[in-house]
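Listed below, chain by chain, are the residues.
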Amino acid sequence: MNTSIAKLMNSLKNGIVEPIYLLQGTDKYLQRFLSDRISEAFFQNSKSDKTLLIPDDMKDQEIVEQITATDLFSSKKIFILLEPQKISGQSRKELLSYCDNPIQSNCLVIVLEEFGKNVAMVKELTTRFTPINVSSPFENDMKKWAQYFFREKEIKTNTGVLNTIVEMAGDSVGHIANEIDKISILLEDGQELTEDLVSQFSGWKREHQRWEFFKYLGNKDLKESLKIGLSLIIQNETMLTLIYPLTTFFQELLFIKLSPELVPGRGGYVPLSNSIVKSLPQFAKKYSRKEIELALKLLGEIDVRSKTTTVSNESEMTKFLFSLLGKENN
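These notes cover the structure that comes with them. Note that this is a predicted model, so its numbers are computed, not measured. (Residues numbered from 1 in each chain as written. Predicted model: local features only at pLDDT ≥ 70, side-chain atom pairs only at ≥ 80, totals over all residues. Heavy atoms only, no water.)

Let's talk about the sheet that holds strand β1 (residues 20-24)
Pairing is parallel in the open sheet, where 5 strands are placed in the order β2-β3-β4-β1-β5. Every interior strand has two partners, whereas the edge strands, β2 (50-53) and β5 (132-133), have only one. Across 2 bridges, β1 lies against β5 in parallel orientation. Residue Q24 lies in a different strand from β5, and its bridge partner there is N133. Sheet strands touched by helix α5 (residues 120-128): β1 and β4 (107-112). Its angle to β1, the strand with the most contacts, is close to 130 degrees. (Pairing = 2+ DSSP bridges. Helix = DSSP H or I, 4+ residues; strand = E, 2+ residues; numbered from the N terminus. Contact = heavy atoms within 4.5 Å. Axes fitted to C-alpha atoms, helices over the stretch in contact; angles between N-to-C directions.)

Right under this line is the structure:
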């Protein structure tokens, strides 16, 4: 559990609910989890009045009117606004004006998945509010989340149990929560939870995240890069969705090769995790300039094929990695 979420949870526990929250990140489970916790603290034992506002489904002005409307009966309302960057024109001005002077009896939770500083709405909102990070956590924070959910279920754990649950379901907070829910149902009263029981109760095979793929790719580990790359594609990725981060990855390596004094990610938002960005200088030492240029050439060819013909993502991933990391190129 990262610092910003921990602070929010402590504030809510103490009965402090702000009129506006900004959640920034793409983890759907965390978005929903925190919205629900805010709503519970906001309404306490009173009847809940929660409205989801989605720009793709509603007109901009309709969204702003709902948020800014005053209630003669002074009833409390909470609004969950998704994709605020899609609101434009006069409606955007009115929304930002509301952010500067919100209705104190209501609560607005803004869910912003964008990070690019060149996106006007990102700059406007992050200037006004300190974002609560709802990006998928890394392994250390996953253990904190596992501890939190076990504590909520009043299940005692040890380091081995925590390591096992993170290894098995640590690709997202949602999967960890689901596994612990399952364990709480299957675990008998008074029964000690062991690593073997966690494995026995779990029918879940661990998925992988992009940062794991880039870690092995940066270290030129063909076997692990191929295993995790194909796993990503089996999950929900395509080569087309990976082209942008892959191209950025190798462009950054090339910049470091040409100008070692440059700071990785110096240009603002980079579609790579912080741990990968910090490791770029180390990765650059493992690649020659010729290999980096080959990678960019291969990615350009994959991009064209993906947009003009029907391609096998598994085949494209395999060909790319073998062409780049195969023995003949090392």
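Details of α5
Among all positions of α5, only M121, V122 and L125 are buried. Projection of α5 onto a plane perpendicular to its axis shows the buried side chains occupying an angular sector of 100 degrees, all on one side. Of the exposed residues in α5, those oriented more than 90 degrees away from the buried face are K123 and T127. Where the residues of α5 are buried, they touch β1, α4 (89-100) and β4. (Buried < 20%, exposed > 50% of the residue type's maximum accessible area, 1.4 Å probe, protein only. Arc of directions from axis to C-beta.)

Points about the side chain of Q31
Take Q31: it is sitting in helix α2 (residues 28-43). The exposure class of Q31 is buried, given its relative accessible area of 8%. When near neighbours in sequence (up to four residues on either side) are disregarded, Q31 contacts L23, G25, T26, V111, E113 and V134.

Things to note about the packing of helix α6 (residues 139-152) against helix α7 (residues 159-169)
The geometry of α6 relative to α7 is characterised by a closest axis approach of 10 Å and an angle of 115 degrees between their N-to-C directions. By the angle class used here, α6 and α7 are roughly perpendicular. You can see that α6 and α7 cross each other, and the crossing is right-handed. Facing α6, whose interface residues are E139, M142, K143, A146, Q147 and F150, α7 presents V161, L162, N163, I165 and V166. By residue class, the composition of the contact of α6 with α7 is 7 nonpolar, 2 polar and 2 charged. (Parallel < 35°, antiparallel > 145°, perpendicular 65-115°, else oblique. Left-handed = near helix turned anticlockwise from the far one by under 90°. Nonpolar A, V, L, I, M, F, W, Y, C, P; charged D, E, K, R; others polar.)

Quick notes on helix α10 (residues 210-218)
Because an α-helix packs 3.6 residues into every turn, residues spaced three or four apart end up facing the same way. Inspection of α10 places W211, E212, F213, F214, L217 and G218 among the buried residues, and these make up the whole buried set. Buried residues along α10 sit against α11 (222-235), α12 (239-258), α13 (274-286) and α15 (313-325).

Details of the packing of aromatic side chains
Scanning all chains against the criterion turns up 15 aromatic pairs. Considering the side-chain rings of Y29 and F33, the 5.9 Å spacing of their centres and the 20 degrees angle between planes classify their relative orientation as stacked. Here F33 and Y29 lie together in helix α2, a separation of 4 residues that amounts to about one turn. Residue classification places F33 among the buried positions, given a relative accessible area of 7%. Ring geometry for F250 versus Y287: centroids 5.7 Å apart, planes at 85 degrees, classification edge-to-face. Of this pair, F250 sits in helix α12 while Y287 sits in the loop between α13 and α14 (289-308), placing them 37 residues apart in sequence. Of the two residues, F250 and Y287, both sit in the buried class. In this structure an aromatic cluster arises from ring pairing among F213, F214, F249, F250, F283, Y287 and F320. Here the guanidinium or amino end of R37 rests over the ring plane of F33, the centre of that ring lying 4.6 Å away. The cationic tip of K220 hangs over the ring face of Y287; the distance from NZ or CZ to the ring centre is 5.1 Å. (Phe/Tyr/Trp six-rings, centres within 6.5 Å; stacked < 30°, edge-to-face > 60°. Lys NZ or Arg CZ within 6 Å of the ring centre and 35° of its normal.)

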